[in-house]
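# Residue-level structure breakdown
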Amino acid sequence: MTGRFTYLGNDLERDCPMPSTSSSATFDIVIEGMTCASCVRRVEKAIAAAPGVVQAAVNLATERAQVAFEGPANLPPVLAAIASAGYGAHVVEEDRAEDPERTARKAEIATLRRDLVLAALLTAPVFLVEMGGHLVPALHHVIQMNWGQWNWYAQFVLISLVLFGPGLRFFVRGIPALLRGAPDMNALVSLGAGAAWLFSVVATFLPAALPEGTAYVYFEAAGVIVTLILLGRYLEARAKGETSEAIRKLAGLQAKTALRLRDGSETEVPIAELRPGDIIRVRPGEKIAVDGEIVEGSSYVDESMLSGEAIPVTKGIGDEVIGGTLNKTGSFSFRATKVGSQTVLAQIIRMVEAAQGAKLPIQALVDKVTAWFVPAVIAIAALTFIAWLLLGPSPALTFALVNAVAVLIIACPCAMGLATPTSIMVATGRAAELGVLFRRGDALQSLRDVGIVAFDKTGTLTQGKPAVTDIETAPGFSENEALALLASVEARSEHPLATAIVEAARDRNIDIPAATGFEAIPGRGASAQVDGRKISIGSARWMAEQGIDAGRLSARAHTLGAQAKTPLFAVVDGRIAAVVAVADPIKPTAKAAVAALKALGIEVAMVTGDSRQTAQAIAARLGIETVEADVLPDGKAQTVKRLAADSRKIAFVGDGINDAPALATADVGIAIGTGTDVAIESAAVVLMAGDPNGVVKAIGLSRATMRNIAQNLFWAFAYNIALIPVAAGALYAVNGTLLSPMLAAGAMALSSVFVVTNALRLRGFHPADSAARASGKKYVKLSN
């Protein structure tokens, strides 16, 4: 048996044998049988008491526990502790052919549907007879005249079948929990429905044991309570299944088979048989099976599952391809580099699962409340019973029973337990669809309060490599001609600016003539012979040293330099032919991202090691006012601290190794997914597409999620605060209002369904809507 764990030092996830390892590790454990927030706290306390456990976080929505060990992991005592608390458990297994949790969820929904239908069919006759008799006196008279005491006997049989058939689950779990002194939602239901049933049984078979005038039956209340709570459980289970839809979509992106090339022949094999180094053929319209590097052919690949961008990306020999992406038009072969749990898609799924299982700081408040909530409800129900029994009108026992049962049923803590985790599940899933991965779930809450976002420049706001941005020619030369001659010279050079010029020529499909006599002059430029002409390329200073007059192109070069670009002059046989500007281009979406962040009320800063002139030029084009330039790599973390000195929360966005300290120092570190592994490991959030707009998406989603959680918590707490007194009979003295236990059961079931369906609204989140809401009127269109 193998389980998934995370090395606590570096977050590298691998397979490991159980039950013990020599490394500190975190295991995911599936918990079976949890129904409310009280269950969550009980399981957490049981796990925390097991030997070697340093941290336990249980999530009601995902029905999982993340258990961290210090030293060798010892799982059997943990599983035994969960079992002794009254719940089932098993460790999440990796590399499984199918999803057992989804299968279990489908089986649970099917069972709930069956039991709900059975309970409804058995309860309906009792409900119709009792309620019909109250509404239509003639019907009551007919029933009494024709059936008499057999009416109650029939009700006893039908409702007993309900309680000890479909409703047995509540007693099996609720009564032991009550006896352990740790009552939960099942205990409330079993107490409420059981009290109504037991009182009715006494009234039916031993009426003399009750005070005169109190021998009434409440079989219909017990049956309707169980039926409505089963309805709530069924709807909740279906809704909770939808919250994990993002994970299923991600898992569904993976190809099932691949066309492996070996010994000159093609064989279709399951992807589980692929190994690094295998050559795999991909035909048009097929999913790419695993990560790799193209060795033959070219195509357009849809990488929207990574970036959220629907425009296919051109791929050729040497380019990387990612498993789960879709080949569109061409055919190619690639060499597998990462397979199984090492692929990017597998890592994305693990990160989303980890974030979905996380607890936000706000959850601590919920945990404190639920720790005493159920015992407090039982105490209130007992006081309600005593108060009505001593002070209520005749028949006092009847009033006391009905109101105490109503209190027990109305106060289910399910909605409290689901308020936060369901929102987290949906939000992190939606984020993954937008190309934003939360490596730590608490970043969802922290991002909401960010007041300043500091960007690294190179590779974050810019492309990270030089490219030709401008070409202006002298009379008698065309752009393509000048670029061909320059590329001929620079093809012999290893300088990064030379590479940019050669790539620009290739992008235009320009033939590059061969050059001879190449000579490089460090700090000045280079020269060579091309088709019998002497071609030189270099800086303005070198041109001046050679006495070459740049003419009108000199002013153009000065303008380009002021824009943080590097102007290079091309000289053909001693005459200026063109000026070419090379720069690290600004990413196309960077300016829109800065504008959108400002619309959200967030200050934007740029932190870079470049010169102040270059930094100011880039910042001016992007609309960034706060610029920290000439910052050495080891000074970025201190700069982040200084920017956040006024108690504002700060997010830092970077991609390089030198950004890792700043990413770790910031309140929220956001790494560009196309950057280095070190930077990604230091960050709480990863932008898979390397798009600055991802910052806007992450912050907007954080704010939407926290609003959603606040709505859920308000509903859950306000619902109980408002309705427990009503159920206890607080309005009776005012207007004679009492809350029926049946209505209490319906309201309780709907409260949980409301919380889950409200969380599901986050699936429709769009960052443009968030920016528009923040600005009040300005609509900022962002790519999805």
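The model shown is predicted, which means the values in this text are computed figures rather than measured ones.

Basis of the calculations
Residues numbered from 1 in each chain as written. Predicted model: local features only at pLDDT ≥ 70, side-chain atom pairs only at ≥ 80, totals over all residues. Heavy atoms only, no water. pLDDT = per-residue confidence, 0-100. Contact = heavy atoms within 4.5 Å. Pairing = 2+ DSSP bridges. Helix = DSSP H or I, 4+ residues; strand = E, 2+ residues; numbered from the N terminus. Axes fitted to C-alpha atoms, helices over the stretch in contact; angles between N-to-C directions. Expected span 1.5 Å × (residues − 1). UniProt positions renumbered as here; feature names shortened; annotations may be inferred. Buried < 20%, exposed > 50% of the residue type's maximum accessible area, 1.4 Å probe, protein only. Polar contact = N/O pair within 3.5 Å; in protein donor to acceptor, adjacent residues only side chain to side chain.

## What to know about the confidence of the model for the protein chain
This prediction gives the protein chain a mean pLDDT of 79; 82% of its residues lie at or above 70. Contacts for the low-pLDDT stretch residues 1–23, under 50 throughout, to residues beyond four places or in other chains number 69 contacts. The model gives residues 774–784 a pLDDT under 50, and that stretch makes 33 contacts with residues more than four places away or in other chains.

## Examining the sheet that holds strand β24 (residues 603–607)
With mixed pairing, the seven strands of this open sheet are ordered in space as β16-β28-β27-β26-β17-β24-β25. In this open sheet, the two edge strands, each paired with only one partner strand, are β16 (436–438) and β25 (626–628). Averaged over all pairs of adjacent strands, the angle between their axes in this sheet comes to 20 degrees, without regard to strand direction. Examined bridge by bridge, strand β27 (residues 668–672) and strand β28 (residues 685–687) share three bridges and lie parallel to one another. Each bridged residue has a counterpart across the sheet, and for Ile672 the counterpart in β28 is Leu687.

## Remarks on helix α25 (residues 693–728)
Between the first and last C-alpha of α25 there are 52 Å, a value that for 36 residues agrees with the 52 Å anticipated at 1.5 Å per step. One or two positions beyond α25, positive phi appears at Gly729, with a value near 100 degrees.

## Considerations on the UniProt feature "transmembrane region" (unreviewed entry) in the protein chain
Mapped onto this structure's residue numbering, the UniProt feature "transmembrane region" (unreviewed entry) falls at residues 116–140, 152–172, 184–209, 215–235, 369–391, 397–420, 713–732 and 738–760. The span residues 184–209 shows a helical share of 81% and a strand share of 0%, and its end C-alpha atoms are spaced 31 Å apart.

## A look at the environment of Lys587
Along the chain, Lys587 falls in the loop between β23 (575–583) and α20 (590–599). The buried category is assigned to Lys587, whose relative accessible area is 9%. Taking C-alpha positions, Lys587 is 8.7 Å from Gly459, a pair spaced 128 residues apart along the chain. Those residues within four positions of Lys587 in sequence are excluded, and the remaining contacts are Gly459, Thr460, Leu461, Thr462, Gln463, Ile672, Gly690 and Pro692. At 3.5 Å, the side chain of Lys587 forms a polar contact with the backbone oxygen of Thr460.

## Here we look at the pairing of strand β7 (residues 257–262)
Along any regular strand the residues' side chains alternate between the sheet's two faces. Sheet topology places β7 next to strand β8 (residues 265–270); six bridges connect them, and they run antiparallel. Looking at β8, one finds that Thr257 is bridged to Pro270. In this antiparallel pair of consecutive strands, β7 and β8, the connection spans two residues, and Asp263 shows a positive phi of 55 degrees.

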